[in-house]
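# Structural description and commentary
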Amino acid sequence: DLKAKEDVYFNDGYIFEEDTIDCGTGYINGKLVENTLKFYKIDLLFTFGCSLLKSNIFSIPKYGCVNLHTGLTQYYRGVDSTMWAIYDNKFDRIGNTLHFVDDSIDGGGVIAQKPLDIKFLSKTDDINDLFIHTCLDGFELIVNNLQFIVNKQIEVKNIGDGKLYKIKDKNKNIIKIANSNIREKYEELYSS
């Protein structure tokens, strides 16, 4: 279901074939990635949706390694943060965090955050739509902060750690409740 939504939203790009390293699942912290990053003398590395990096990788870039987390880390860390905010019926806690990568899960110093404005919500939207809207907002957050990161004109904040969710925490009933909460939110927004 998410793949079908990605095809609709990203039909004109966001998939980059050049300058990518296909290291295979489970090898993100391996020698291929490490040696490639060192060879190219990477200044800045962005991660999005990858597994936990080890210091042999995130310490290589000159300006650091920055993760785009589709969640507000003071509330939700780990996977499916958008869905968990919806499940908790906390739509004001949907958003993005741009943070430096360290040894923790989504716990590095925060560069910037942006809550998602859900005024675009349509009657047919589900958790996948809101996740993709969060991704798009997150890509914009990266663009808007890139120069500040490179010029070291940022004030890194430590804002606390939210609840950590893992893949195993998600099930069909939770998805069903989250989608029901979206429909209720839509009615609340547009019933007047």
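Above this note sits the structure.
The sections below set out a description of the structure shown in this document.

## Focus on the pairing of strand β4 (residues 95-100)
Within β4, 6 of the 6 residues are buried, which leaves the element mostly enclosed by the surrounding structure. The alternating pattern of β4 places Gly95, Thr97 and His99 and Asn96, Leu98 and Phe100 on opposite faces, both of which are buried. Looking at chain direction, strand β2 (residues 65-69) and β4 are connected through 4 bridges and run antiparallel. Across the sheet, Asn67 pairs through a bridge with His99, a residue of β4. Inspection of the sheet shows β4 paired to strand β5 (residues 110-115) by 5 bridges, in the antiparallel sense.

## Regarding unusual backbone geometry
Even without glycine at this site, Lys41 takes up a positive phi of about 50°. Backbone geometry places Asp80, a non-glycine residue, at a positive phi of 60°. For Asp80, the location among the structural elements is in the loop between β3 (76-78) and α4 (81-87).

## Description of the nonpolar core
Grouped together as the largest cluster of nonpolar side chains are 17 residues, with contacts concentrated most on Ile86, Phe91, Ile94, Leu130 and Ile182. Elements with a minimum of two residues in this core: α4, α5 (127-150) and α6 (172-190). Apart from the residues within four sequence positions on either side, Ile182 is in contact with Ile86, Phe91, Leu121, Asp125, Asp126, Ile127 and Leu130. Counting 14 residues, the second-largest nonpolar core is a separate cluster that includes Val66, Ile111, Cys135 and Ile142.

How each quantity is defined
Residues numbered from 1 in each chain as written. Predicted model: local features only at pLDDT ≥ 70, side-chain atom pairs only at ≥ 80, totals over all residues. Heavy atoms only, no water. Buried < 20%, exposed > 50% of the residue type's maximum accessible area, 1.4 Å probe, protein only. Helix = DSSP H or I, 4+ residues; strand = E, 2+ residues; numbered from the N terminus. Pairing = 2+ DSSP bridges. Core = buried A, V, L, I, M, F, W, Y, C linked by side-chain atoms within 4.5 Å. Contact = heavy atoms within 4.5 Å.

Don't take any of this as a statement about function, it's just geometry.
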